[in-house]
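# Understanding the architecture of this molecule
Listed below are the residues making up each chain.
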Amino acid sequence: MIREAGGDVLVSRLWEERRLAYPIRGHRKGTYWLTYFRLEGGALSALKHRFQLSESILRFLFVKVDPRIVDTLVQHALAGPAALAAQHQAAEARHAAPEAAPIEEEAVVEQE
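### Looking at the nonpolar core
Core analysis: the biggest nonpolar cluster contains six residues, these being V11, L34, Y36, V70, V74 and A77. The set of elements that each furnish at least two residues to this core consists of strand 2 (27-38) and helix 2 (70-96). Counting residues per element, this core draws most heavily on helix 2, which supplies three residues. In contact with V11, not counting residues within four places along its chain, are L34, T35, Y36, V74, A77 and L78.

### Observations concerning the environment of M1
Take M1: it is sitting in the segment before strand 1 (8-24). As for M1 and R50, which are separated by 49 residues in sequence, their C-alpha atoms are 7.6 Å apart. Sequence-distant contacts of M1, that is, excluding residues within four places in its chain, are made with L47, R50, F51, S54 and I57.

### Some details on the packing of aromatic side chains
Following the criterion strictly, the structure yields four aromatic pairs and no others. Where F51 meets F62, the ring centres are 5.5 Å apart and the plane angle is 40°; that geometry is what we call tilted. Taken together, the residues F51 in helix 1 (residues 44-53) and F62 in the loop between helix 1 and helix 2 connect sequence positions eleven residues apart. Residue class for F62 comes out partly exposed when judged on its relative accessible area of 22%. Note on F60 and F62: the rings are 5.3 Å apart at their centroids and 50° apart in plane angle, and the pair reads as tilted. On the basis of relative accessibility, which here comes to 30%, the residue F60 falls in the partly exposed class. Through successive ring pairs, a cluster of aromatic residues spans F37, F51, F60 and F62. The residue whose ring lies beneath R18 is Y32, and the NZ or CZ to ring-centre distance is 4.8 Å.

### Things to note about the pairing of strand 1
Bridge count between strand 1 and strand 2: eleven bridges; the pairing is antiparallel. Residue R13 lies in a different strand from strand 2, and its bridge partner there is L34. Turn length for the strand 1-strand 2 hairpin, with the two strands adjacent in sequence and antiparallel, is two residues, and the turn residue R25 shows positive phi of about 50°.

### Some thoughts on the confidence of the model for the chain
Averaged over all residues, the pLDDT of the chain equals 82, while 77% of them reach at least 70. Taking the mean pLDDT of every element in the chain, the minimum, 75, falls on helix 2 and the maximum, 94, on helix 1. Every residue in residues 100-109 scores below 50 in pLDDT, and together they form zero contacts with partners more than four places removed in sequence or on other chains.

### Structural notes on the environment of R38
Tracing the backbone shows R38 in strand 2. Assessed through its relative accessible area of 46%, R38 is described here as partly exposed. Linking R38 and K64, residues 26 residues apart in sequence, is a C-alpha distance of 9.6 Å. Beyond its immediate sequence surroundings of up to four residues, R38 is in contact with G7, D8, L10 and V70.

Basis of the calculations
Residues numbered from 1 in each chain as written. Predicted model: local features only at pLDDT ≥ 70, side-chain atom pairs only at ≥ 80, totals over all residues. Heavy atoms only, no water. Core = buried A, V, L, I, M, F, W, Y, C linked by side-chain atoms within 4.5 Å. Buried < 20%, exposed > 50% of the residue type's maximum accessible area, 1.4 Å probe, protein only. Helix = DSSP H or I, 4+ residues; strand = E, 2+ residues; numbered from the N terminus. Contact = heavy atoms within 4.5 Å. Phe/Tyr/Trp six-rings, centres within 6.5 Å; stacked < 30°, edge-to-face > 60°. Lys NZ or Arg CZ within 6 Å of the ring centre and 35° of its normal. Pairing = 2+ DSSP bridges. pLDDT = per-residue confidence, 0-100.

This is how it looks when you write it as structure tokens:
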């Protein structure tokens, strides 16, 4: 639908599947998708209308992203949850590992 509206999909991936806070149209579970795309502002209202008419989309939210951080967000989304979890575990391991005690040297000087 985004491409048909003249948009360009930068990345689209499964975000998570979880139980909804409340039933929506009889559904108790939802699949959340994270999609970053570029689209002219004038075409957004037509896209919203198509999403509202879609039987497979229960809810949606469009958020305008600051152009300065688009590349970072897209790279983050491309990494996926497994890669991000591995990075998080590595960071925790670095912080949890005991630091090596500094080596202290003693100098023994004999006096005559």
